Structures are given as structure tokens and as C-alpha cells.
Amino acid sequence: MTLLDGISLSQAIRGELASEVDQRTAAGLRIPHLAAVLVGEDGASLTYVSAKVKACEQVGFRSTLLQFPESISEMELLLEVQRLNEDPEVDGYIVQLPLPEHIRDEMILLAIDPAKDVDGFHPENVGRMALGLDAFLPATPMGILTMLSRYKVETQGKHAVVVGRSSIVGLPMAILLQRNADPGNCTVTITHSRTRNLAELCRNADILIAAAGKPGFITADMVKEGAVVVDVGITRVPDVTRKTGFRIAGDVDFDEVSPKCSFITPVPGGVGPMTIVSLLSNTLLAVRRSGR
Ligand code: GUN
């Protein structure tokens with residue numbers, strides 16, 4: 001069994017990004033600038049956004065965190081998005097999800113300039129991705145593809161089963177794995193809460209992507225001997241032995257599943273760091289494309 005180590009791989013890619021920043025600086029080109037919008041006080045969202053901003057600093061990017069109270073109206077947030085679209089100093093930005101209930105995600109995502117949409121959530125980028133055209137790819141599926149590629153995990157002709165159909169992870173992951181590309185060319189099954197024979201489908205997977213958000217959901221009896229297992233789960237579960245009062249749990253029962261795998265990602269330290277580094281790569285792509 002080989003551990004797909006997102007920490008060391010993301011560090012290597014961060015090193016590559018940092019040297020690109022140095023080269024750009026030496027050539028008198030712009031340093032990439034990522035902005036992140038956070039609405040409300042959700043602890044997990046604040047942790048993720050802070051990690052993204054910190055990662056920018058580590059590779060020499062500029063970053064700006066824009067925090068708004070939970071009470072901000074949809075119209076006010078749309079105006080902030082408009083401001084970011086028009087700000088020539090910002091190369092790319094993200095609006096951290098979920099947003100409060102009174103704000104419609106799709107209204108905000110539709111307002112983001114697709115050229116600055118480094119999360120790849122705007123319908124134009126989703127459509128371009130689906131058609132195999134140049135697009136910003138959503139950071140989590142992109143990070144997983146990078147991981148499969150750098151660890152030379154064979155995907156061609158394999159059966160990939162994606163558990164979960166969210167627009168952030170499951171759906172784009174399925175689209176990307178079936179593309180005529182490398183990594184890609186998988187035969188893909190998407191499963192969700194209404195899927196009838198889930199365990200049997202999972203047992204058929206050469207590559208199993210667990211993105212259901214249910215701790216320990218994937219057990220050993222659901223995994224084929226020699227499978228590649230990618231765990232996207234990052235649920236906070238109460239744990240009184242930790243200072244924070246919680247621990248991060250994946251969707252996969254790692255102890256029981258890992259002995260059966262050819263490759264497996266740990267949680268934490270697997271997909272999470274790859275998501276962040278993919279966002280940085282997209283921000284560099286945004287500044288390159290803008291010609292600024
Ligand atoms: N919420 C959970 N994952 C993500 C992500 O990748 N981007 C944004 N903007 N919000 C998220």
C-alpha cells in the first residue's frame with residue numbers, strides 16, 4: 001500500500017510556484033494576487049480561508065481576506081463581487097461556501113467574472129470543463145488529478161466510482177475522470193443518497209473517490225483488493241481529548257480499508273493540502289492569462 005501524501009506533494013508544488021514568483025519578479029511581471037471573501041462566523045470556513053491566505057504568503061503571492069457579517073444582504077455582496085471584478089489589482093478570487101441561507105449561492109457565483117473565477121464554480125467554467133475546453137478546474141478535483149498524475153496512478157480504462165454528487169467535488173470529479181485525457185479515460189459511476197446497491201458498486205471500483213461527508217462511511221467490505229481510494233471527507237467530529245474539542249474525520253475507515261488498497265489518501269494530510277495548492281496554481285494561471 002502506498003500513501004498518497006498530500007503534505008509532501010503540496011510542499012513540492014508550492015516550491016515550484018514560489019520559484020515561478022521569483023522568475024516573474026525578476027522579469028518585472030506582476031505577482032499573483034488572490035482575494036478571498038468570507039461571510040459570517042463559521043469556524044470551519046474561517047479555518048479553510050485562513051489556510052488559503054497563509055498558503056499565498058508562503059509562495060510569495062499577494063492575498064486579501066474580505067470578511068463580512070452574516071447579516072450582509074445578497075445585493076451588498078453582489079456589489080462586493082462587482083468591485084472585485086473591476087479591481088485591476090486582484091487576479092483571482094473566491095467566495096467561500098456555504099453562504100448564509102438568505103443569499104443564493106448561484107446569484108453570487110453567476111456574478112463572478114469567469115476570468116477571475118479561480119474556484120472554477122462559474123457556469124461558464126463548469127461548461128468549459130465539461131466540454132474539455134480550457135477552464136479553471138475546481139480546486140479539490142484538480143488537486144486529486146494532480147495527485148494521481150504525480151504518483152503515476154494509472155486511470156486509463158479503469159472503473160472509477162464517485163460517492164457524492166456535489167457541484168464542488170463529486171460532479172466535477174466524475175466529469176474530469178471520464179474525459180479523454182491523462183489522468184482520465186475512466187468508466188465512471190456516480191453514486192448518491194438514493195443509490196440502491198452502493199456497497200456493491202463500490203466493491204467494483206478500481207478507483208474509489210469518497211466525497212459523501214459521512215465519517216467512516218466507507219468500510220473494508222466496500223473496497224476491492226488493490227483499489228485506489230481517495231478520501232475527500234473532512235468532517236469535524238467531537239473529541240474531548242483534543243484541545244480544539246474536535247478531530248477531522250474522513251469518509252473512509254482508514255485503519256480497516258488501507259491494508260486492501262494499492263494507494264490511499266490519509267485524512268488529514270491527503271486531499272486537503274492538494275486543494276489549497278490547486279487554488280494557488282489557478283491564481284497563477286489567472287495572472288498569466290490576463291496578460292497583466
Ligand atoms: N467550501 C468548501 N470547499 C470550497 C471550495 O473549494 N471553495 C469555496 N469557495 N468554498 C468551499
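The coordinates are above.
Note that this is a predicted model, so its numbers are computed, not measured.

Thresholds, definitions, all that
Residues numbered from 1 in each chain as written. Predicted model: local features only at pLDDT ≥ 70, side-chain atom pairs only at ≥ 80, totals over all residues. Heavy atoms only, no water. Helix = DSSP H or I, 4+ residues; strand = E, 2+ residues; numbered from the N terminus. Rg over C-alpha atoms; globule rule 2.2 N^0.38 Å. Buried < 20%, exposed > 50% of the residue type's maximum accessible area, 1.4 Å probe, protein only. Phe/Tyr/Trp six-rings, centres within 6.5 Å; stacked < 30°, edge-to-face > 60°. Lys NZ or Arg CZ within 6 Å of the ring centre and 35° of its normal. Near = heavy atom within 4 Å. Polar contact = N/O pair within 3.5 Å; in protein donor to acceptor, adjacent residues only side chain to side chain. Areas by Shrake-Rupley, 256 points an atom, 1.4 Å probe, with all protein chains shown as cover. Nonpolar A, V, L, I, M, F, W, Y, C, P; charged D, E, K, R; others polar. Axes fitted to C-alpha atoms, helices over the stretch in contact; angles between N-to-C directions. Parallel < 35°, antiparallel > 145°, perpendicular 65-115°, else oblique. Contact = heavy atoms within 4.5 Å. Salt bridge = Lys/Arg side-chain N within 4 Å of Asp/Glu carboxyl O.

This part covers the overall build of the protein chain. Scanning the protein chain for helices and strands turns up 10 helices and 11 strands. The C-alpha atoms of the protein chain give a radius of gyration of 19 Å, which matches the 19 Å a tight globule of 292 residues would have. With respect to the three principal axes, the spread of C-alpha positions in the protein chain is 50 × 40 × 40 Å. Counting over 292 residues, the protein chain shows a buried share of 50%.

A few words on the packing of aromatic side chains. A full pass over the atoms with the stated rule returns 0 aromatic pairs. Lying across the ring of F217, K214 places its NZ or CZ 4.8 Å from the centre. If you follow R289 out to its NZ or CZ, it ends over the ring of F136, 4.7 Å from the centre.

So, about the site of the ligand. Around the ligand, the surrounding shell consists of K52, V95, Q96, L97, D119 and F121. Within the backbone of V95, a nitrogen or oxygen atom sits 2.8 Å from a nitrogen atom of the ligand. Taking L97, its main chain carries an N or O atom lying 2.9 Å from a nitrogen atom of the ligand. Computed on the free molecule, the ligand has an accessible area of 280 Å², of which 83% lies beneath the protein chains in the complex. Looking at the shell around the ligand residue by residue, the classes come out as 3 nonpolar, 1 polar and 2 charged.

Moving on, we get to the packing of helix α1 (residues 6-26) against helix α6 (residues 139-150). Put simply, α1 and α6 touch, their axes get as near as 11 Å, and they point 95° apart. Put simply, α1 runs roughly perpendicular to α6. Contacts from G6, L9, I13 and E16 in α1 reach T146, M147 and R150 in α6. Broken down by class, the residue content of the contact of α1 with α6 amounts to 3 nonpolar, 2 polar and 2 charged.

Considering all chains together, one arrives at 10 salt bridges under this definition. A salt bridge links R30 to E89; the shortest N-O distance between them is 3.8 Å. Taken as a pair, R30 in the loop between α1 and β2 (33-39) and E89 in the loop between α3 (74-86) and β4 (92-95) lie far apart in primary sequence, 59 residues in all. For R30, a relative accessible area of 17% puts it in the buried group. The salt bridge partner of R62 is E89, with a shortest N-O separation of 2.8 Å. Taken together, the residues span a long stretch of sequence, with R62 in strand β3 (residues 62-68) and E89 in the loop between α3 and β4 at a distance of 27 residues. Given a relative accessible area of 38%, R62 falls into the partly exposed group. On the basis of relative accessibility, which here comes to 37%, the residue E89 falls in the partly exposed class.

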